[in-house]
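Understanding the architecture of this molecule
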Amino acid sequence: MMFTQMTVKETLAVSAQLRLSDKKYTKEEKTERVESVMRQLRLTNIADSKVIGSSSGQRGVSGGERKRVSIGIELVTDPAILVLDEPSSGLDSSSAEMVVSLTKEMAVQRKLCTLMTIHQPSAEMVAKFDKVIILAQGKLMYMGRVGEAVSHFEGLGFPSTHANPANFFIDLTTIDFSSSKAMHRSEVHVQALADAFIKHKESGMAIDSGNSVGSFASEIKTNCSRQDIDIDITKEVAAMTLYEPAPMNLWISELAILFKREWTLTVRNRSLLRGMLCEPLVMMIFLGFVYFQLGNSQASVQNRIG
């Protein structure tokens, strides 16, 4: 979690202190891990910059840098798997490509399994992925190496006309909501692609584009013309055992870290600090005037009671 008054280094340090075990890591090792993550994510030059700009006009880091900080918050814990949900959303093409490139570099260096959901990536970004999973309407269209994805769909009779493979995948698996008939045709089309991939995986053989070009596309066109198609969709709910993980550190240690963080946020927020200091002072003066010079007579007692 990122706060307005915290710097990049402090944000990463709090994550490391809270989530790394004191029994396994010393304070110096946690600090070194934070420094290492900042170097790898190119955050050293903004280590003392505020993550989020304040209402007083103080600027924070850029959008791309903030994305890298959010990735660093997880990387300082040395996870076995890193899951990123649309890390390039809201960024320009240059910043988005940098985020993906640095994530790829970190994954290789740390031998870290990284899963990333992404929409409309550039061709350069797609080339950085080792494997890709293409989903449409909750169905699996393709799962495998990036370099084999285009040939897979071309083998089904859908030649690519895009320079960017991602645009080709999106056009091929998008549901058309322009009309009920168009939506029905595209839904059947998506279902057919999903069925084809299942057959492809079950056969364990690569699709022979020379023998199947046009045949699968013709089958889809035939199926799309039918209006009585009934597609059975089965949903399996896996039973999951939920458990409460043991805390990494003593609760008193975590409380001290959180107290220090809140104290830092309060002290640096000048307007909030002024309000907290002025409120009791104003109330003290107000109540002092209300009961000022009240005697011990019956009338004074009634005045105190109100």
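Under an unreviewed UniProt entry, the protein chain has the name ABC transporter domain-containing protein and belongs to Coemansia asiatica. Database annotation for the protein chain, UniProt heading Subcellular location (unreviewed entry): "Membrane".

1. Focus on a nonpolar patch on the surface
A contiguous nonpolar patch, built from Leu281, Met284, Ile285, Phe289 and Phe292 and spanning about 570 Å² of accessible area, is present on the exposed surface. Relative to the elements of secondary structure, Met284 occurs in helix α12 (residues 270-290).

2. Re the packing of aromatic side chains
One pass over the full model with this rule turns up 5 aromatic pairs. When the ring of Phe153 is compared with that of Phe169, the centres are 5.9 Å apart and the planes differ by 50°; the resulting orientation is tilted. Here the residue Phe153 occupies a position in helix α6 (residues 146-155), and Phe169 occupies one in helix α7 (residues 165-173), the gap between them amounting to 16 residues. Each member of the pair, Phe153 together with Phe169, is buried. An aromatic cluster of at least three residues, connected via ring pairs, comprises Tyr142, Phe153, Phe168, Phe169 and Phe197.

3. Description of the pattern of salt bridges
The full count for this structure, using the stated rule, is 9 salt bridges. For Arg19, the salt bridge is made with Glu74, and the minimal N-O distance between the two is 2.8 Å. With a gap of 55 residues between them, Arg19 in helix α1 (residues 8-19) and Glu74 in helix α3 (residues 63-75) connect regions that are remote in the sequence. For Arg19, a relative accessible area of 35% puts it in the partly exposed group. A salt bridge links Lys30 to Asp22; the nearest nitrogen and oxygen atoms lie 2.5 Å apart. Classification of Asp22 by relative accessible area gives partly exposed; the value is 41%.

Basis of the calculations
Residues numbered from 1 in each chain as written. Predicted model: local features only at pLDDT ≥ 70, side-chain atom pairs only at ≥ 80, totals over all residues. Heavy atoms only, no water. UniProt positions renumbered as here; feature names shortened; annotations may be inferred. Patch = residues over 30% accessible without salt bridge, like charges linked within 9 Å, V, L, I, M, F, W, Y side chains within 5 Å. Areas by Shrake-Rupley, 256 points an atom, 1.4 Å probe, with all protein chains shown as cover. Salt bridge = Lys/Arg side-chain N within 4 Å of Asp/Glu carboxyl O. Helix = DSSP H or I, 4+ residues; strand = E, 2+ residues; numbered from the N terminus. Phe/Tyr/Trp six-rings, centres within 6.5 Å; stacked < 30°, edge-to-face > 60°. Buried < 20%, exposed > 50% of the residue type's maximum accessible area, 1.4 Å probe, protein only.

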